[in-house]
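Spelled out, the chains give:
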Amino acid sequence: METVKINNKGPDIESTNFWDLFLAREGFLYLSIHDGVARLLVPPDYTEVLMNMTLGCRAILTKGIWNGYDAYEIMFEMRRHEPYAVFIRTRHVDHPLTETDLNKEFTLTIWTREGKQAEMPARYRTAEKLPFMQPYHD
């Protein structure tokens, strides 16, 4: 697998080679955790569904088994619509979340080649099987 390289500026992404890699060309999402922020890198093929992500008022990351693989479900709780979710295999995550991250609030940002598109609060939990698609109960 190609190595995703990210140059950081605090919690933001200053530059990355992700957009030029096979992962992005084939439409795979990538999740980077840095400086207490989860950064979702969205390839160009996702431009039509990007609005579903950026309309979210909160994100819930759930780790579990999806189609036989360890993965994350990122569910966006929407302001007006049903929740929307994307799925990312853990091999497309640079620093997986751990038990110590459970139930903590952090920030999720959404990035395209053009830069940061959205920022929202997020929580982390686990489930046995994905999709889970359940609201987060504080």
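Being a predicted model, the structure only gives us computed values, none of them experimental.

Peer 1: Mind showing me how you'd approach the overall build of the chain here?
Peer 2: For the chain, the helix and strand inventory stands at two helices and nine strands. The order of helices and strands in the chain, counted from the N terminus, is β-β-α-β-β-α-β-β-β-β-β. A compact globule built from 138 residues should have a C-alpha radius of gyration of about 14 Å, and the chain, at 14 Å, falls within 12% of that. Principal axes of the C-alpha set define a box for the chain whose edges measure 35 × 30 × 30 Å. Carbon and sulfur atoms make up 47% of the accessible area of the chain, which amounts to about 7,700 Å² in all.

Peer 1: Sorry if this is basic, but what is going on with the confidence of the model for the chain here?
Peer 2: Parts of the prediction with low pLDDT should not have their coordinates interpreted in detail. In the predicted model, the chain carries a mean pLDDT of 92, and 96% of its residues have values of at least 70. Looking across the chain, the model is least confident in helix α2 (residues 47-54), with a mean pLDDT of 80, and most confident in strand β2 (residues 12-16), with 98.

Peer 1: Honestly, the pairing of strand β6 (residues 69-78) in this entry has me stumped. Any pointers?
Peer 2: Strand residues, when the strand is regular, have side chains that alternate between the two faces of the sheet. Burial of β6 is extensive: eight of the ten residues sit out of reach of the surface. In this structure, strand β5 (residues 56-66) lies alongside β6, joined through ten bridges in antiparallel fashion. Residue Lys-63 lies in a different strand from β6, and its bridge partner there is Tyr-72. In this antiparallel pair of consecutive strands, β5 and β6, the connection spans two residues, and Asn-67 shows a positive phi of 50°. Where β6 lies against strand β7 (residues 84-89), six bridges are found, and the strand directions are antiparallel. Each residue of the ladder has a partner; that of Tyr-72, found in β7, is Ile-88.

Peer 1: Sorry, what's going on with the environment of Gly-27 here?
Peer 2: Here Gly-27 lies in the loop between α1 (22-25) and β3 (30-34). Classification of Gly-27 by relative accessible area gives buried; the value is 12%. Between the C-alpha atoms of Gly-27 and Thr-3, which are 24 residues apart in sequence, the distance is 16 Å.

Thresholds, definitions, all that
- Residues numbered from 1 in each chain as written.
- Predicted model: local features only at pLDDT ≥ 70, side-chain atom pairs only at ≥ 80, totals over all residues.
- Heavy atoms only, no water.
- Helix = DSSP H or I, 4+ residues; strand = E, 2+ residues; numbered from the N terminus.
- Rg over C-alpha atoms; globule rule 2.2 N^0.38 Å.
- Areas by Shrake-Rupley, 256 points an atom, 1.4 Å probe, with all protein chains shown as cover.
- pLDDT = per-residue confidence, 0-100.
- Buried < 20%, exposed > 50% of the residue type's maximum accessible area, 1.4 Å probe, protein only.
- Pairing = 2+ DSSP bridges.

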